[in-house]
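# Inside the fold
What follows is the residue order along each chain.
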Amino acid sequence: MVLKFDTDFDPSYGQGVTVAPDVLRITAKNPSPFTFHGTNSYIVGRKTLAVIDPGPEDDAHLKTLLEVIGDRPVSHIFVSHTHRDHSPLAARLKQHTGAIVLAEGPHRPARRLRIGEVNPLDASADTAFYPDIALPDDTMVKGDGWAIRTVLTPGHAANHAAFALEGTGVLFSADHVMGWATSIVAPPDGAMADYMASLDRLIERDDRLLLPGHGGPVTAPHSFMRELKTHRRMREQAILEQIRRGDRTIKDMVKAIYRDTDPRLHGAAGLSVLAHLEDLVARGLVRTDGDPAIDGIFKLAG
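Residues numbered from 1 in each chain as written. Predicted model: local features only at pLDDT ≥ 70, side-chain atom pairs only at ≥ 80, totals over all residues. Heavy atoms only, no water.

## A few points about the overall build of the protein chain
Regarding its fold elements, the protein chain presents 6 helices and 14 strands. A compact globule built from 302 residues would reach a C-alpha radius of gyration of about 19 Å, and the protein chain, at 19 Å, matches this within 12%. For the protein chain, the C-alpha atoms occupy an extent of roughly 65 × 40 × 35 Å along the three principal directions. Going through the 302 residues of the protein chain one by one, you find that 53% of them count as buried. Total accessible area on the protein chain is roughly 13,500 Å²; 52% of this is exposed by carbon and sulfur atoms. (Helix = DSSP H or I, 4+ residues; strand = E, 2+ residues; numbered from the N terminus. Rg over C-alpha atoms; globule rule 2.2 N^0.38 Å. Buried < 20%, exposed > 50% of the residue type's maximum accessible area, 1.4 Å probe, protein only. Areas by Shrake-Rupley, 256 points an atom, 1.4 Å probe, with all protein chains shown as cover.)

In structure tokens:
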């Protein structure tokens, strides 16, 4: 099974694009191998607005947001998670609009760092971010003509949340499910077991349209997410197969499994393999001396 991604996307920098009734998408011009064409911010509502994921610290993106908002009041700013391409602009947007900022909470890793371990994603973490209001799971926030429900989806980040536009079938899936690529799950920032549990949760929902943090809409979410789950399980099986063939290190596994992947992404791929191995060790399928580590030696259990 080959998971089919949709990379046909026009970011339309500098303007708002209608993607659903009373929902505009504005894409920041921060393209990279990890952000695709850039981070999507969403403006929800007609009169009094909500903004979802204001984006990176970028003057041009803030200018576009304010131009599209115009003289309409903004009551709420929702933040899906605290990576630096999603949350930093919340503070300046709040200064301009007076809106309250809502998120699951401040940045934190999915687990504590082990002795001698360094978090390779520290630079991507917005550790200065603190919401005005912390959002527990299933919290409903009502605005002027809209209501947004929090759906906690840890995995890509420990504090990752999706937001459901109540009564519409639209879910803002941020970085948990994207149509252009798989989400990076990199310990200790994220955790594969959490990601898979969150994916199962979204599969059980009845959303008809996903609006992600990067790239275009996912228009057939249930079939896509089931394929995404299969893809993750196949990646897990590929890791087990490489161990059976004699690979003992993550570096060797990445060379074999990601041989057709952009070499610039091999570092992230190694962290993804580590995330799978943490889960496999916890489930008793793989063993290693001590805790799973990026430079560890791995063998099949039994």
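## Observations regarding the sheet that holds strand β8 (residues 140-142)
The 5 strands are arranged β8-β9-β10-β11-β12 in an open sheet whose pairing can be described as mixed. What marks the edges here is a single partner per strand, and that holds for β8 and β12 (209-212). With direction set aside, neighbouring strand axes in the sheet form an average angle of 25°. Taken together, the 3 bridges between β8 and strand β9 (residues 147-152) define a ladder with antiparallel strand orientation. Bridge pairing in β9 places Lys 142 opposite Ala 147. (Pairing = 2+ DSSP bridges. Axes fitted to C-alpha atoms, helices over the stretch in contact; angles between N-to-C directions.)

## Things to note about the environment of Asp 206
Within the element layout of this structure, Asp 206 appears in the loop between α3 (192-204) and β12. Assessed through its relative accessible area of 67%, Asp 206 is described here as exposed. Placed 165 residues apart in sequence, Asp 206 and Ser 41 show a C-alpha to C-alpha distance of 23 Å.

## Comments concerning the nonpolar core
The biggest cluster of nonpolar side chains holds 21 residues, and the ones touching the most others in it are Val 23, Phe 78 and Phe 172. Broken down by secondary-structure element, the contributors of at least two residues to this core are β1 (17-20), β3 (40-44), β4 (49-52), β10 (161-165), β11 (170-174) and β12. Discounting chain neighbours no more than four positions away, the residues touching Phe 78 are Ala 50, Val 51, Ile 52, Asp 53, Pro 54, Leu 102, Leu 135, Val 141, Trp 146, Ile 148 and Phe 163. Of all hydrophobic cores here, the second largest spans 19 residues; its members include Ala 162, Tyr 195, Leu 199 and Leu 202. (Core = buried A, V, L, I, M, F, W, Y, C linked by side-chain atoms within 4.5 Å. Contact = heavy atoms within 4.5 Å.)

## A few points about the packing of aromatic side chains
According to the stated counting rule, one finds 5 aromatic pairs in the structure shown. Between Phe 78 and Trp 146, the aromatic rings sit 6.3 Å apart at their centres with planes inclined by 75°, giving edge-to-face as the arrangement. Taken together, the positions of Phe 78 in strand β5 (residues 74-78) and Trp 146 in the loop between β8 and β9 put the pair 68 residues apart, joining distant regions of the chain. Each of the two residues, Phe 78 as well as Trp 146, counts as buried. An aromatic cluster of at least three residues, connected via ring pairs, comprises Phe 9, Phe 36 and Trp 180. Over the ring of Tyr 195 we find Arg 232, and its NZ or CZ is 4.7 Å from the ring centre. Stacked on the ring of Tyr 258, the Lys or Arg Arg 235 has its end atom at 4.5 Å from the ring centre. (Phe/Tyr/Trp six-rings, centres within 6.5 Å; stacked < 30°, edge-to-face > 60°. Lys NZ or Arg CZ within 6 Å of the ring centre and 35° of its normal.)

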